[in-house]
Amino acid sequence: VTEALYLDDGYLRAFSATVAEAGPGWAILDRSGFYPTGGGQPHDVGVLVSDGDRRWEVSSVEKSDRGIVHRLAEPAHVPEGTAVHGAIDWRRRYACMRYHSCLHILSGVVYRRFGSDITGGQIYPDRARMDLSIPGFDRRLAEDLIREVNEVVRRAHPISVRFVPLVEAERHPEWVRVERDLMPQGSEIRLIDIEGFDAQADGGTHVRTTAEVGLVSLEKIENKGARNKRLYVTVAPRDPPGE
Ligand SMILES: [Zn+2]
């Protein structure tokens, strides 16, 4: 099974690894910084480069029982045991991190006002959406929620990752809202803590402070049925750190 480096360090953009298993057009590494699709956050893209300067483009990444599978843009077979350097498309990942943290802030705002009424969410590199089941939801209420989100952004709460014993998590059902599929099987859960505001169990990658999310705008709302409403948000463009 691949060691998932992004779980401890979301700002890791490059890493060294060894090919553990491979076939035409795919490779599983012993460790990886590439985020595989999950929890509403899309997979990373990037490159793998060998010491012998061979270069493979990674076009998609997914989880499997045997580890993190890197799908290559061509049907190349990278020999097992090959030492590679991985580099992720940092601009795309950083945007996803800002949107992921943005959705957690929005989820916290909604939870505080209405209890748990979030039915889903999806992050894209250029927008994010959240599905809600709130009575009386309209454009005005949505604008109101986004105003509160921006208030949390402005206060620059630190966002930290910690691993919490399952027994402690059982006393906090509010930590587990929408991303139940990402609950680890072991004795700990991974908690994303927007310090002083909200905490949620989560397997995704996040920015270090709510300030990095930047100004959030309501893009549009959609009716998906009598109770199901959908809202889309965008964040102001921002260069990733270190570029
Ligand atoms: Zn999340």
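Before any of the text, the structure's been laid out above.
The model shown is predicted, which means the values in this text are computed figures rather than measured ones.

What counts and what doesn't
Going along each chain's sequence as written, the residues are numbered from 1 onward. This being a predicted model, a pLDDT of at least 70 is required before a residue's local features are given, and a value of 80 or more before pairs of side-chain atoms are given or counted; all residues contribute to the totals for chains, interfaces and linings. Side-chain metrics rest on all non-hydrogen atoms present in the structure, leaving aside hydrogens and water. Only runs of H or I of at least four residues qualify as helices and only runs of E of at least two qualify as strands under DSSP, and these elements are numbered from the N terminus. Two things to know: the radius of gyration comes from C-alpha atoms, and the globule rule equals 2.2 Å times the number of residues to the power 0.38. Buried means the residue's accessible area, taken with a 1.4 Å probe over protein chains only, is under 20% of the maximum for its type, while exposed means over 50%, and partly exposed covers the values in between. Residue contacts follow a heavy-atom distance rule, with two residues in contact if any of their heavy atoms lie within 4.5 Å. All accessible areas in this document rest on Shrake-Rupley with a 1.4 Å probe, and a residue is counted as covered only by the protein chains that are shown. Strands are labelled as partners when DSSP assigns at least two bridges between them. Under this scheme, a helix contributes an axis fitted over its contacting stretch, all axes are lines through C-alpha atoms, and angles between N-to-C directions fall in the 0 to 180 degree range. For this analysis, a salt bridge means a side-chain nitrogen from Lys or Arg found within 4 Å of a carboxyl oxygen belonging to Asp or Glu. Two N or O atoms count as a polar contact when they lie within 3.5 Å, although within protein this holds only if one can serve as hydrogen donor and the other as acceptor, and sequence-adjacent residues are included solely when both atoms are side-chain atoms. For a helix, the expected span equals 1.5 Å multiplied by the residue count minus one. Here is the rule: rings of Phe, Tyr and Trp (six-membered ring for Trp) pair when centre to centre is within 6.5 Å. Planes less than 30 degrees apart are stacked, more than 60 are edge-to-face, and the remainder are tilted.

A.B. asks: What is the right way to read the overall build of the chain from this model?
C.D. replies: Within the chain one finds three helices and 15 strands. Scaling as 2.2 N^0.38, a compact globule of 243 residues should have a C-alpha radius of gyration of about 18 Å, and the chain matches this with 19 Å. With respect to the principal axes defined by its C-alpha atoms, the chain has extents near 60 × 40 × 35 Å. Looking at the chain as a whole, 52% of its 243 residues are labelled buried. Considering only contacts within the chain whose residues lie at least 6 apart along the sequence, 68% involve residues at least 24 apart. Looking at the chain as shown, the accessible area adds up to about 11,300 Å², and 48% of this sits on carbon and sulfur atoms.

A.B. asks: Is there a simple way to explain the sheet that holds strand β10 (residues 127–132) in this structure?
C.D. replies: Strand pairing within a sheet occurs via backbone hydrogen bonds; the two strands may be parallel or antiparallel. Taken in spatial order, the four strands line up as β9-β10-β15-β14 in an open sheet, and their pairing is antiparallel. Strands with a single pairing partner mark the edges of an open sheet, and in this sheet they are β9 (118–124) and β14 (216–223). Neighbouring strand axes in the sheet, compared pairwise and without regard to direction, differ in orientation by 20° on average. With five bridges joining them, β10 and strand β15 (residues 229–235) adopt antiparallel strand pairing. By the bridge assignment, Leu132 is partnered in β15 with Lys229. Strands β9, β10, β14 and β15 of the sheet are contacted by helix α1 (residues 90–114), whose axis makes an angle of about 160° with β9. Packing of helix α2 (residues 139–154) onto the sheet brings it into contact with β14 and β15, and relative to β14 it is tilted by some 150°.

A.B. asks: Can you help me understand the environment of Arg238 in this one?
C.D. replies: Within the secondary structure layout, Arg238 lies in the segment after β15. According to the relative accessible area criterion, Arg238 is partly exposed, its value standing at 41%. Apart from the residues lying within four places of it in its own chain, the contact partners of Arg238 are Tyr94, Arg98, Ala211, Glu212 and Gly214.

A.B. asks: Where do I start with the pattern of salt bridges in this structure?
C.D. replies: In a structure, side chains of opposite charge can pair up when their charged atoms sit close to one another. If you walk through the whole model with that rule in mind, you get 15 salt bridges. Salt-bridge contacts for Arg230 lead to Asp131; the nearest nitrogen and oxygen are separated by 2.7 Å. Taken together, the positions of Arg230 in strand β15 and Asp131 in strand β10 put the pair 99 residues apart, joining distant regions of the chain. In terms of burial, Arg230 and Asp131 fall into one category: buried. The partner of Glu222 in a salt bridge is Lys220, and the shortest N-O contact between them spans 3.3 Å. You can call Lys220 partly exposed: its relative accessible area is 36%. Salt bridges sharing partners connect three or more residues here, namely Arg113, Asp144, Arg147 and Glu148.

A.B. asks: Looking at this model, I keep getting lost on unusual backbone geometry. Mind explaining?
C.D. replies: Even without a glycine there, the phi angle at Ala156 is positive, about 50°. Relative to the helices and strands, Ala156 is located in the loop between α2 and β11 (159–165). What makes Ala156 partly exposed here is its relative accessible area of 36%.

A.B. asks: Mind showing me how you'd approach the side chain of Asp131 here?
C.D. replies: Overall, Asp131 belongs to the buried group, its relative accessible area being 11%. One polar contact links Asp131 to Arg129, side chain to side chain, over a distance of 3.4 Å. With sequence-adjacent residues up to four places away left out, Asp131 is seen in contact with Asp117, Ile118, Thr119, Gly120, Lys229 and Arg230.

A.B. asks: Teacher, can you tell me more about α1 here?
C.D. replies: Taking 1.5 Å of rise per residue, 25 residues should cover 36 Å, and α1 covers 35 Å from first to last C-alpha, within 8% of that figure. Most of α1 sits out of view: 19 of its 25 residues are buried. The N-terminus of α1 is capped by Asp89, whose side-chain oxygen sits 3.3 Å from the backbone nitrogen of Arg91. Of the residues trailing α1, Gly115 is marked for its positive phi of about 80°.

A.B. asks: How should I be thinking about the packing of aromatic side chains in this particular structure?
C.D. replies: Here the distance between the centres and the angle between the planes together describe a pair of aromatic rings. What the rule picks out here adds up to five aromatic pairs. Where Phe15 meets Phe34, the ring centres are 5.9 Å apart and the plane angle is 80°; that geometry is what we call edge-to-face. Separated by 19 residues along the polypeptide, Phe15 in strand β2 (residues 14–23) and Phe34 in the loop between β4 (31–32) and β5 (46–50) bring together distant segments of the chain. Overall, Phe15 belongs to the buried group, its relative accessible area being 7%. Judged by relative accessible area, Phe34 falls into the buried class, the value being 0%. Relative to Tyr94, the ring of Trp90 has its centre 5.5 Å away and its plane inclined at 45°; by these criteria the two rings are tilted. Taken together, the residues span about one helical turn, with Trp90 and Tyr94 both in helix α1 at a distance of four residues.

Function cannot be read off these values alone, since they describe shape.
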